[in-house]
Amino acid sequence: MPDHKPSQVPPPVNSAPASAPARRDLAIWAIVAGLAGLMFYFVALAGVPAIVIGSKAWNRLERSDGYRWVAAGGIALGVIATLAWLGGVMATEA
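Just so you know, these numbers come straight off a predicted model, no measurement behind them.

Visitor: When you look at the overall build of the chain in this model, what are you seeing that I'm missing?
Guide: Counting secondary structure elements, the chain contains 3 helices and 0 strands. Across the chain, helices and strands are ordered from the amino to the carboxyl terminus as α-α-α. Within the chain, buried positions represent 22% of all 94 residues. Contacts in the chain between residues far apart in sequence, at least 24 positions, make up 71% of those at least 6 positions apart. Counting only carbon and sulfur atoms, one obtains 67% of the accessible surface of the chain, whose full area is about 6,900 Å².

Visitor: Honestly, helix α3 (residues 67–93) in this entry has me stumped. Any pointers?
Guide: Along an α-helix, residues three or four apart share an orientation, since each turn contains 3.6 residues. Under the 1.5 Å per step criterion, the end-to-end length of α3 is 39 Å for 27 residues, consistent within 8% with the ideal 39 Å. Those residues of α3 that sit buried are Arg68, Ala71, Gly74, Leu77, Gly78, Ala81, Thr82 and Gly88.

Visitor: Could you clarify how one ought to interpret the side chain of Arg68 in this entry?
Guide: Checked against the element boundaries, Arg68 lands in helix α3. Buried within the structure, Arg68 lacks any salt-bridge partner; Glu62 is the closest side chain of opposite charge, at an N-O distance of 7.8 Å.

Visitor: For this particular structure, what's the right way to read the packing of aromatic side chains?
Guide: We describe a pair of aromatic rings using the distance from one ring centre to the other and the angle between the two ring planes. The full count for this structure, using the stated rule, is 1 aromatic pair. Taking 5.7 Å as the distance between ring centres and 75° as the angle between the ring planes, the aromatic pair formed by Trp58 and Trp69 counts as edge-to-face. Taken together, the residues Trp58 in helix α2 (residues 47–60) and Trp69 in helix α3 connect sequence positions 11 residues apart. A relative accessible area of 25% places Trp58 in the partly exposed class. For Trp69, a relative accessible area of 62% translates into the label exposed. Directly above the aromatic system of Trp58 lies the positively charged group of Arg68, at a separation of 4.0 Å from the ring centroid.

Visitor: It is not clear to me how the packing of α2 against α3 should be interpreted in this structure. Could you clarify?
Guide: A pair of packed helices is captured by two measures, namely the crossing angle of their axes and the spacing between those axes. Running from N to C, α2 and α3 point in directions that differ by 155°, and their axes come no closer than 7 Å. Between α2 and α3, the angle falls in the class roughly antiparallel. When you trace α2 past α3, the crossing you get is left-handed. Every residue of α3 that contacts α2 at Gly47, Val48, Ala50, Ile51, Gly54, Ser55, Ala57 and Trp58 is listed here: Arg68, Trp69, Ala71, Ala72, Gly74, Ile75, Gly78, Val79, Ala81 and Thr82. Taken together, the residues of the contact of α2 with α3 sort by class into 11 nonpolar, 6 polar and 1 charged.

Visitor: Looking at this structure, how should I read the environment of Gly34?
Guide: With respect to the helices, strands and loops of the structure, Gly34 is situated in helix α1 (residues 20–39). Judged by its relative accessible area of 0%, Gly34 falls in the buried class. Put simply, Gly34 and Leu77 are 43 residues apart on the chain and 4.7 Å apart in space, counted from C-alpha to C-alpha. In this view, Gly34 contacts Ala50, Leu77, Gly78 and Ala81; residues no more than four positions away in its chain are not counted.

About the criteria used
Residues numbered from 1 in each chain as written. Predicted model: local features only at pLDDT ≥ 70, side-chain atom pairs only at ≥ 80, totals over all residues. Heavy atoms only, no water. Helix = DSSP H or I, 4+ residues; strand = E, 2+ residues; numbered from the N terminus. Buried < 20%, exposed > 50% of the residue type's maximum accessible area, 1.4 Å probe, protein only. Contact = heavy atoms within 4.5 Å. Areas by Shrake-Rupley, 256 points an atom, 1.4 Å probe, with all protein chains shown as cover. Expected span 1.5 Å × (residues − 1). Lys, Arg positive; Asp, Glu negative; His and termini not counted. Salt bridge = Lys/Arg side-chain N within 4 Å of Asp/Glu carboxyl O. Phe/Tyr/Trp six-rings, centres within 6.5 Å; stacked < 30°, edge-to-face > 60°. Lys NZ or Arg CZ within 6 Å of the ring centre and 35° of its normal. Axes fitted to C-alpha atoms, helices over the stretch in contact; angles between N-to-C directions. Parallel < 35°, antiparallel > 145°, perpendicular 65-115°, else oblique. Left-handed = near helix turned anticlockwise from the far one by under 90°. Nonpolar A, V, L, I, M, F, W, Y, C, P; charged D, E, K, R; others polar.

Here you go:
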């Protein structure tokens, strides 16, 4: 009797997890929150959610995913917006 090995099916070439769009949505929301913090000064501390959401997206996205840089942009804009808000608060109290 010939040896019968079970046929092995190779994994799909470009298989992304089912939750990849949700992770990408986090990155987009991070950059939106960061831009809101920069554009609308009255949105006090809009940069903090941008930092939190961007960090969450950065950790969940794969290294090869281009949306990881969108998350990094959200984090950067969040930091800039938060520092600008804090600078404005300090300047008005001085």
